[in-house]
Every structure is written in structure tokens, then in C-alpha cells.
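# Fold and contact review
Okay, here's what each chain looks like letter by letter:
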Amino acid sequence: MRANCWAGRNEVEVRDVPDPAILNNRDAIVRITSTAICGSDLHLLDGYVPTMQDGDIMGHEFMGEVVEVGTGVDPARVRVGDRVVVPFPIACGACGACAAQLYSCCENSNPNAGIAEKMFGHPLAGMFGYAHLTGGFAGGQAQYARVPFADVGPLKIESELTDEQVLFLSDILPTGYMGAEMCDIQPGDVVAVWGAGPVGQFAMDSARVLGAASVIAIDKEPYRLRMAEEAGHIPVNFEEVDVRSRLLELSGGRGPDKCIDAVGLEATHGSAHIHAFDRVKQAVRSETDRPHALRQAIVSCRSGGIVSVIGVYGGMVDKFPAGAWMNRSLTLRTGQCHVQRYMTPLLRRIERGELDPTRIITHRLSLEEAPRGYDIFKNKQEDCEKVVLTP
């Protein structure tokens, strides 16, 4: 089959690779009909997430048709011929974390748990296409994929909704929604979202659905801010204004009630010297993550507010504002998304017209064009917000 593979830092290639096969009796093989490039994939591309190897298949947002199932798969959940969306965390459904619906913390699905324990203290769940740190599972930017624990993860789509309407249930829509849900939004709340990329856009939409009075989009790319404004959110360009000052103006001088970091480890700062400090430290690997957005969210949030972090962080950050966090009674909530928890409720919101995932798609390419898709997405060319690939 054809698959998009990691070929070294800042390089991907579409290659011929062996077809996947059933390895365990709860596996399924899915023929992929739609997949996508995620902002998290860029952290792999850039080499900031360790343990990638030449030839690793990229991608963790995919859906398609089940073409084979193992003997242990519950036929009441998944059968050959079913159309399914596959969540990016691989979860067993039986451990303590899964019982608590903390699916991205599954205790059984990562065969390389020891690597994650050394980095994070405890293991992460296995994840598709996301380095050997999370199991080394082949990703979904391919023609076919092996799906472990197939009767736990995949969501069956039985309606006439298009792939584009449901594809993002695999990751970015639940991630954005979880970011808003962790804010415990109350009527009248002002919510600020750092990052107007795909996850940030969905966090904004979700905050509004959950009752926010106003939602502020913080970014520097005019096309991203324009997209947010067209969806009814308030744009703030951090290269043109001082973010904290502008947020005070928009929140009666108190600061936003809830702040969402939808940026993560490759954040950009509007001040050149501040950005250069962290960029140099990151480049020489004296810190792995640039925490501009996280720092700004913490110091901008009103006292007693909530800072929700859904942007991906992979290691260590410098100059974390612990004093502001502790002394002003801020609550910090975060996590890789527990996608399986949200898929069905969000599918119902899509069906009712409360959320429109298709609004962020700007580029539709074939799988063979994946390297070009990565290039324009990473470098923000052609007003690229989200790339969907068709094998």
C-alpha cells in the first residue's frame, strides 16, 4: 500500500509499505477513505517529539471502512463493512484509566510504556502515528491501517453525513471541545483562546455552544483571525496589540474568566527578543517547548479563573509563572483528549447543526500530495488552515 512516512527532520515521503495485518484477535483493518494533517504532526516533523524513526507512518486523524476483523472483536460493536471514525488514542476499555473515561491515559495499550515513564513519570496510551514513545503504531495517512482494540475505539457512522462532517471526531473536534468543557463555562463568561488553528477554532465554537458570552481569538495570522471573526469570535492579533492590555479592555478590566491554550510547544511571541530567547533554547535542546502562550494565558486570566491547556507539550519549559498561578487561585486543567468519551455526544451536535466541522477545511489533496500538504500547512502558505487527504 501507499503511506506517508517520516523521513527525517522536516521531511516526509509517500512510499510503498507492507499492508497491515491482524496481529491480535481484537484488531481490525480499516480501508481509509479520509485522513488529515494535524498541527501535532508538525511537532513530529520538526523533531521536537523524540523516538521517531525513518519509515514511521504518519497521521492520527482518519476514518474509513472496516475490511477485516479479528476473532475477538465484538460483532455488536464492529463488523466488516462498517463505516467508522477512529480515535487517535488507543484504549483497551478495561483498565482503571479507561473505567474513569481517561482514555488517553490507558494503562494497557502502549507497548513502549517504559519510554513514556522515563519522560513523564507514568505511561501514556498508545497513539496512532505518534512516535515510539506512544507505541510506534502505524498512522492513518495511508491506504489501510490496523486498529487495535477495535471494539472499544472506532465510532460507527450510520447516517448520511459526509466524511468531512465527521472526520474530525478522530481528534481535533473532541480536543477543542474538551478544552472548553474543562473551563466549566458559566453564563456571561468571557473566554480567550490562544491559537486560531483548527483546534483553537473548535475550542472557540465549543465555548460558545457551552454558553460563553464572548469568545476571543488570539493569533497573528490574518486568515486565521478572519476565519474566527466570520464564525462570530473577537479577533486579537498579538503582533499588533499588547494581548494582556487588550484582554483587560474586553473583559471590564478583570481579565478573561477562562483561558484556553490551543497552541502548545511551538508558540510564537509578538516580542522578537522574548521569542528569540525561547527559540534559541529550544533549538539547542536546552528546553523542548516554547511556552509563550501558556505564560500569557496564566498572567492574563482573571484571579480565580481557569486555564485549560490542550496545546501539546512534550517536555520541559523555562520560566513557568508559578507565582501568578498559585497566588491568584488559578486552576490549571489539561490532558491529551479522551476522544472516545466525546465522539457520540459530538456526533449528535453535528447532526443537530450545532457544530460545523467542515468550516475549517481549506485544502483537499490526494495522499500522494501529502508532502506538499505538510509544506503549505507548516509554512502557512495559501491561507492553509486544514488539509484533508484522500488515499
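Definitions and limits used
- Residues numbered from 1 in each chain as written.
- Predicted model: local features only at pLDDT ≥ 70, side-chain atom pairs only at ≥ 80, totals over all residues.
- Heavy atoms only, no water.
- Phe/Tyr/Trp six-rings, centres within 6.5 Å; stacked < 30°, edge-to-face > 60°.
- Helix = DSSP H or I, 4+ residues; strand = E, 2+ residues; numbered from the N terminus.
- Buried < 20%, exposed > 50% of the residue type's maximum accessible area, 1.4 Å probe, protein only.
- Pairing = 2+ DSSP bridges.
- Right-handed = clockwise from strand over helix to strand, strands pointing away.
- Salt bridge = Lys/Arg side-chain N within 4 Å of Asp/Glu carboxyl O.
- Axes fitted to C-alpha atoms, helices over the stretch in contact; angles between N-to-C directions.
- Contact = heavy atoms within 4.5 Å.
- Expected span 1.5 Å × (residues − 1).
- UniProt positions renumbered as here; feature names shortened; annotations may be inferred.

## Examining the packing of aromatic side chains
Aromatic ring pairs are reported here in terms of the distance separating the ring centres and the angle at which the planes meet. Evaluated as defined, the whole model comprises 4 aromatic pairs. Ring centres of Phe168 and Phe202 lie 6.1 Å apart, and the angle between their planes is 45 degrees; this geometry places the pair in the tilted category. Of this pair, Phe168 sits in the loop between α4 (163-166) and α5 (172-181) while Phe202 sits in helix α6 (residues 198-209), and the two are 34 residues apart along the sequence. With respect to burial, Phe168 and Phe202 carry one shared label: buried.

## Examining helix α13 (residues 370-378)
Within α13 the residues assigned to the buried category are Ala370, Gly373, Tyr374, Ile376 and Phe377. Phi for Lys380, located one or two positions after α13, is positive at around 55 degrees.

## Some thoughts on the pairing of strand β11 (residues 214-219)
Among the 6 residues in β11, 5 count as buried, and that is most of the element. With 5 bridges joining them, strand β10 (residues 190-194) and β11 adopt parallel strand pairing. The partner of Val191 across the bridge, within β11, is Val215. For the crossover from β10 across α6 to β11, the handedness is right-handed. Following the chain from β11 across helix α7 (residues 222-230) to the adjacent parallel strand β12 (residues 234-237), one finds a crossover that is right-handed.

## Looking at the pattern of salt bridges
Tallied over the full model, the rule gives 28 salt bridges. Glu221 is the salt-bridge partner of Lys220, the closest N and O atoms lying 2.7 Å from each other. Note on Glu221: relative accessible area 12%, which makes it buried. Taken together, the shared-partner salt bridges connect Arg2, Asp16 and Glu368 into one network.

## Focus on the sheet that holds β11
The sheet built from 6 strands is open, its strands ordered β12-β11-β10-β13-β14-β15 with parallel pairing. Here the strands that pair on one side only, and so sit at the sheet edges, are β12 and β15 (331-334). Within the sheet, the average angular offset between the axes of one strand and its neighbour, ignoring direction, is 20 degrees. Strand contacts of helix α10 (residues 292-300): β10, β13 (258-261), β14 (306-309) and β15, with the helix running at about 165 degrees to β10, the strand carrying the most contacts.

## Focus on helix α12 (residues 339-351)
It helps to recall that an α-helix has 3.6 residues per turn; residues three or four apart then point in one direction. Over its 13 residues, α12 runs 18 Å from end to end, which matches the ideal 18 Å to within 8%, given 1.5 Å per residue. Among the residues making up α12, those that are buried are Val339, Gln340, Tyr342, Met343, Leu346, Leu347, Arg349 and Ile350. Immediately beyond the C-terminal end of α12, within one or two residues, lies Gly353, with a positive phi of roughly 80 degrees.

## Here we look at the UniProt feature "domain: Alcohol dehydrogenase-like C-terminal" (unreviewed entry) in the protein
The feature "domain: Alcohol dehydrogenase-like C-terminal" (unreviewed entry), as given by UniProt, occupies residues 198-268 in the numbering adopted here. The span residues 198-268 carries 41% helix and 20% strand; its end-to-end C-alpha distance comes to 17 Å.

## Structural notes on the UniProt feature "domain: Alcohol dehydrogenase-like N-terminal" (unreviewed entry) in the protein
Within this numbering scheme, the UniProt entry marks residues 26-155 as carrying the feature "domain: Alcohol dehydrogenase-like N-terminal" (unreviewed entry). This span, residues 26-155, is 15% helix and 24% strand, and a straight line between its end C-alpha atoms measures 15 Å.

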